[in-house]
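# Results of the structural survey
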Amino acid sequence: MKLTVWTYEGPPHVGAMRVATGMTGLHYVLHAPQGDTYADLLFTMIERRNHRPPVTYTTFQARDLGSDTANLFKSACQDAYDRFKPEAILVGASCTAELIQDDPGGMAENMGLDVPVIALELPSYQRKENYGADETFFQLVRALARPVEKTPQISCNLIGPTALGFRHRDDIDELSGLLSDMGISVNVVAPMGSTPSDIKRLGAAHFNVLMYPETGETAARWMERDLGLPFTKVVPIGVGATRDFLNEVSQITGLSPFVDDSRLRLPWYSASVDSTYLTGKRVFIFGDGTHAITAARIARDEMGFEVVGIGCYNREMARPVRALAKSFGLDALITDDYLEVERCIEDLSPEMILGTQMERHIGKRLGIPCAVISAPVHVQDFPSRYSPQMGFEGANVIFDTWVHPLVMGLEEHLLHMFRDDFEFNDEAGPSHHGGHAAQRAPSVKTMDIVPAEIKETKDVSLEMVWLTDAEKELKKIPFFVRGKARRNTETYALAQGVYKISVDTLYEAKAHYAR
Amino acid sequence: MLEPNPTSCSNAPILKERGQREVFCGLTSIIWLHRKMQDAFFLVVGSRTCAHLLQSAAGVMIFAEPRFGTAILEETDLAGLADAQQELDREVERLLSRRPDIRQLFLVGSCPSEVIKLDLAKAAQRLSKIYAPSVRVLNFTGSGIETTFTQGEDECLSSMVPSLNESPDKQLLVVGALPDVVEDQMRNLLAAMGIDSVSVLPASSVKQEVTVGKKTVFAATQPFLGETHSALERRGARHLPAPFPFGADGTTAWLKVIADEFSVSDARFEQVVSAPCARAKKAIAQASKVLDGKSVFFFPDSQLEIPLARFLITECGMSAIEIGAPFIHKGLVGPDLGLIPEGPVLSEGQDVDLQLDRVLKARPDLTVCGLGLANPLEAKGLTTKWAIELVFTPVHFYEQAGDLAGLFSRPLRRRAVLSREAAE
Ligand code: SF4
């Protein structure tokens, strides 16, 4: 038993829904109680889908238990078949149905339906959403895909995108464009956008592009073994990764990796002088393994940040994330405990977070800017404009997304120049943001005279006192670094055994932390 | 003033359906209960699905650390039950040592905990002994096999009834969680009529004592409190049936039943309600310009459907095509049913595919439904109102009557505005 407040991933059957909802001509009959229908709103509200997920829930109740939950399942399955006429049916159990052991797979197979029935066994008490998507897609492919004649022209499949995926919709377009520039056509994109008939002709491609290992790797490995389709290992997020990806595709196909990159702007934007202020910004990276790994490379090599922490929430990716962290001289944080991530961020006090919507909330609380790089998704992660993460346009989008929460270079300079101007209010935050930046409630009180009875103890929050002059000096520091200056000074003072912070303490701390 | 309708829905046949339901489970109630009861923690004993449901229903309301959480059962817990009880003790101990501000702990059952027959009543008793008197530990079910959506609140409140202290005095007990601002408005209205011994279940903290006894009368502000209703009757309290306090007339009717019980003179009643009632009518009139003459179709969601349909029909000039409710408790919604003219289909339970067929055939002007159905129906050209907002937003009593009508008129106004744009 483990107490959980917020979760990064849903249960595995939600992963199966992401596969089913991304496809057409497929229906998922899920043995589950009524409350589990909440999952529909993820797709209709967050992703703004204009149709219901193709899922029939049996919605058994307590009174059905022990009597006829099995019959309920059979009639739900038959009704779904009659009403939706799918090309194939997925059947499975949610966490509760797993416990009552009705064996939906066995029952559905015995119903004599004239379409393929694919039974899913997703262990709800051990695994999570990404596993559920990966396993479901694998089972579908294994059940339906067979060796078929190759397309005459070199073609590939795009593997891994699902419903409710982080920018999957636009990544598909971006990669299709890049591959087409190389002279490669796309045979099938799956699961998102495909039908069961499309799954049957996956083998017509010459190779697979594995877009998201989280949701497509098991299927890609099976196709490599059973259909002889090699698959790409580089995930093309970032400029360097995109070029590596093109080279990898070139090696598989023998085609030239040089494509038109005239619309790529990240390298120049990053080199231009306004970006000088990005140098050495301390960033903390957290997300799913694939997005965290790709973000780390971009952060260090393409933006000039300093990566101070990296981690992922999906244990399946622990190994590559640990290896990458090691190459950065860091220990990876592998956890799905939101509170642990929060503690880690607090300890590291980075200048920026590259994380998920969860870290965005942590950042809001701590006054640290955050850009979102990975699922779990939020309605904001489905912008109406084209905004891929992959390929050259993806790199441009990433540059804009990451600098957006920060104060622009020239603007930062002006803030320094004008901070003493009485008409200038530095509480207002970056000029391109509405409202104002998160303010940290002062953790300590300002006092003119320290009362004699204050005894020195180890409790920093109670005893640390900012003298008036020091507090005034602190106010002169621009707001976007003030929180950090305050924390650093307090940490420094504590280490020095100083409990009254003066202007001197402030500057000694500044010197101590100077890079 | 509302007059019972001689040809009302009171005895209309009810279409009972038993197919796929598209409703939340009772765990969802925790989202508003934890905001209301500020010293309580709701510990769901369930699965990752339960945790994910709570998070999805809470939407973006991510605060530092909310006063609810899920103890997720793992493979090891499913193996042996004695084990799960010990695990629970350990999680509770950790939780309470980290959150010394907690005064009430609710252990909330889920489908998995019920299927494996994890005895949370026993756990609550044991933990109560350990943590008394500083923390009170109770249990209730929010499972989807036992409860839908708002029934979670019903289960929670009814779990508190047996432990309420006995009071021999004549008093009014109001049941149903209301936002503080609304509760204060209600208390002020009652106080102005001279009704002072009023308590509300749930109270916002354990410090505010709620009592019950043979001379207690109770009024419900929410129609989904069937179990709480029975539990209070078992304690000797008497229910005051009334229409629910939605809109101007609904509020007046609800207050009038209480006023009569406490022998408030007509003159005094008039004096207290006339100004806010007139204000409410004005506000409703504003919003209902758009609603007048339009038709509405309710999917089952919160059990608020019948009282809300009453409001839309008798105060906003709408007509109803179908009023679906997950459960119809006539003892509670009877007075509202008696005010709805015959005509609409009354349905209980659900078969969502059949109901979707009906709504697409009827093409009502406004469809009130859950979040899973709203966008798909909008895409088919229907105008929808998400039902969940009716539970999360202050909508009771006079001062919110205009807001309530506005919740229904806004989607219609929006469609009108957007189609004008498209037509140009
Ligand atoms: S329906 Fe049951 S399993 Fe599903 S979220 Fe609700 S309590 Fe948990």
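Below or above, wherever it landed, is the structure these notes cover. Keep in mind it's a predicted model, so treat the numbers as computed, not measured.

The rules behind the values
Residues numbered from 1 in each chain as written. Chains lettered and ligands numbered in written order. Predicted model: local features only at pLDDT ≥ 70, side-chain atom pairs only at ≥ 80, totals over all residues. Heavy atoms only, no water. Salt bridge = Lys/Arg side-chain N within 4 Å of Asp/Glu carboxyl O. Helix = DSSP H or I, 4+ residues; strand = E, 2+ residues; numbered from the N terminus. Buried < 20%, exposed > 50% of the residue type's maximum accessible area, 1.4 Å probe, protein only. Near = heavy atom within 4 Å. Nonpolar A, V, L, I, M, F, W, Y, C, P; charged D, E, K, R; others polar. Contact = heavy atoms within 4.5 Å. Core = buried A, V, L, I, M, F, W, Y, C linked by side-chain atoms within 4.5 Å. Pairing = 2+ DSSP bridges. Axes fitted to C-alpha atoms, helices over the stretch in contact; angles between N-to-C directions. Buried area = accessible area lost by both parts, 1.4 Å probe. Polar contact = N/O pair within 3.5 Å; in protein donor to acceptor, adjacent residues only side chain to side chain. Expected span 1.5 Å × (residues − 1). Arc of directions from axis to C-beta.

With that out of the way, let us pick up the pattern of salt bridges. Scanning the entire structure with this criterion turns up 41 salt bridges over all chains. Among the salt bridges present, the one from Arg365(A) reaches Glu342(A), with a minimum N-O distance of 2.8 Å. Residue Arg365(A) is located in helix α15 (residues 357-366), and its partner Glu342(A) is located in helix α14 (residues 338-348); the two are separated by 23 residues in the primary sequence. Where Glu389(B) meets Lys385(B), a salt bridge forms, and the shortest distance between an N and an O atom there is 2.5 Å. Since its relative accessible area comes to 5%, Lys385(B) is described here as buried. One continuous salt-bridge network, built from bridges that share partners, spans Lys36(B), Asp180(B), Glu183(B) and Arg187(B).

In this section: the site of the ligand. Around the ligand lies a shell of 13 residues, among which Gly35(A), Asp36(A), Cys25(B), Cys50(B) and Cys111(B) are the nearest. Residue neighbours of the ligand fall on chains A and B, so the site bridges chains. Breaking the shell around the ligand down by element, the ones donating at least two residues are α2 (48-58) and α5 (111-115) of chain B. Split by residue class, the shell around the ligand holds seven nonpolar, five polar and one charged.

Here the focus is helix α2 (residues 39-46) of chain A. Within α2(A), eight of the eight residues are buried, leaving the element largely enclosed by the surrounding structure. All buried positions along α2(A) are accounted for by Ala39(A), Asp40(A), Leu41(A), Leu42(A), Phe43(A), Thr44(A), Met45(A) and Ile46(A). Looking at the buried positions of α2(A), the neighbouring elements they touch are α1 (12-22) and β3 (55-57) of chain A together with α2, α15 (371-379) and β16 (384-386) of chain B. A positive phi of about 55° marks Arg48(A), the residue just after α2(A).

What follows is about unusual backbone geometry. Here the residue pair Ala375(A) and Pro376(A) is connected by a cis peptide bond, since its omega of 5° sits within 30 degrees of zero. Within the element layout of this structure, Pro376(A) appears in the loop between β13 (370-372) and α16 (391-403). In this model, Thr59(A) sits at a positive phi of 45°, which is unusual for a non-glycine residue. Mapped onto the elements of the fold, Thr59(A) is located in the loop between β3 and α3 (69-84). Of the residues examined, Thr59(A) reaches a relative accessible area of 4% and is grouped as buried. Even without being glycine, Gln303(B) reaches a positive phi, approximately 70°. Mapped onto the elements of the fold, Gln303(B) is located in the loop between β12 (295-298) and α12 (305-316). Judged by relative accessible area, which is 4%, Gln303(B) ranks as buried.

One finds Tyr28(A), Phe42(B), Phe106(B) and Leu172(B) to be the most contacted residues of the largest nonpolar core, which totals 180 residues. With eight residues, helix α11 (residues 266-291) of chain B is the single largest residue contributor to this core. When neighbours within four sequence positions are excluded, Tyr28(A) is seen to be in contact with His13(A), Ala16(A), Met17(A), Ala20(A), Pro54(A), Val55(A), Thr56(A), Leu90(A), Val91(A), Gly92(A), Leu120(A) and Leu122(A).

Time to look at the sheet that holds strand β4 (residues 88-93) of chain A. Residue and element names in this part refer to chain A. Pairing in this open sheet of four strands is parallel, and the strands run β3-β2-β4-β5 from one edge to the other. At either end of the open sheet lies a strand with only one pairing partner, and these are β3 and β5 (117-119). The sheet shows a mean angle of 20° between the axes of neighbouring strands, direction not considered. As paired elements, strand β2 (residues 26-31) and β4 share six bridges and run parallel to each other. Residue Tyr-28 lies in a different strand from β4, and its bridge partner there is Leu-90. Set on the sheet, α1 makes contact with β2, β3 and β4; between it and β2 the angle comes to about 160°. Across the sheet, helix α6 (residues 129-144) lies against β2, β4 and β5, angled at about 140° from β5, the strand it touches most.

This part is about the interface of chain A and chain B. Every contact between the two is made by 55 residues of chain A and, on the other side, 64 residues of chain B. Summing the contributions of chain A and of chain B, the shared interface buries around 5200 Å²; its carbon and sulfur component is 60%. It is Met1(A), Leu3(A) and Trp6(A) that lose the most area in chain A upon contact with chain B, and together they represent 19% of the buried surface on that side. Across the chain A-chain B interface, the total number found is five salt bridges. Residues Arg18(B) and Asp64(A) are paired through a salt bridge, measuring 2.7 Å at the closest nitrogen-oxygen approach. Our enumeration of links across chain A and chain B arrives at 23 residue pairs in polar contact (both at pLDDT 80 or more). Sort the elements by how many residues they give to the side of chain A that touches chain B and α2(A) lands first, with five residues. Of the residues in the side of chain A that touches chain B, the class split is 24 nonpolar, 17 polar and 14 charged. In the sheet, strand β1 (residues 2-4) of chain A pairs with strand β3 (residues 68-72) of chain B via three bridges, with the strands oriented antiparallel.

All names here are of chain B. With respect to the helices, strands and loops of the structure, Gly-46 is situated in strand β2 (residues 40-46). Taking the C-alpha atoms as reference points, Gly-46 and Cys-111, 65 residues apart in sequence, are found 7.2 Å from one another. Those residues in contact with Gly-46 that lie beyond four places of it in its chain are Thr-70, Ala-71, Ile-72, Leu-73 and Ser-110.

Okay, helix α8 (residues 180-192) of chain B next. Residue and element names in this part refer to chain B. In a regular helix each residue adds 1.5 Å, so 13 residues correspond to 18 Å; α8 covers 18 Å between its end C-alpha atoms and thus fits that length. All of the buried residues in α8 are Val-182, Glu-183, Gln-185, Met-186, Leu-189 and Leu-190. Summarising the axial view, the buried residues of α8 lie within an arc of 160°, below the 170-degree limit, and thus occupy one face. Those residues of α8 hidden inside the fold are in contact with α1 (30-36), β7 (171-175), β8 (198-201), α10 (247-261) and α11. Directly after α8, the chain includes Gly-194, whose backbone phi takes a positive value near 90°.

Residues and elements named next belong to chain A. Here strand β8 (residues 207-210) shows two buried faces, one formed by Phe-207 and Val-209 and the other by Asn-208 and Leu-210. Here strand β6 (residues 155-159) pairs with β8 via four bridges, running parallel. In the sheet register, Ile-159 faces β8, and the bridge partner there is Leu-210.

Glancing now at the sheet that holds β12(B). Residues and elements named next belong to chain B. With parallel pairing, the six strands of this open sheet are ordered in space as β1-β14-β13-β12-β15-β16. At either margin of the open sheet sits one strand with a lone partner, and together these are β1 (14-18) and β16. This sheet shows a mean twist of 20° between the axes of neighbouring strands, independent of strand direction. Note: β12 against strand β15 (residues 366-369), three bridges, orientation parallel. By the bridge assignment, Phe-297 is partnered in β15 with Thr-367. Against the sheet, α12 touches β12 and β13 (319-325), its axis set at about 170° to β13.

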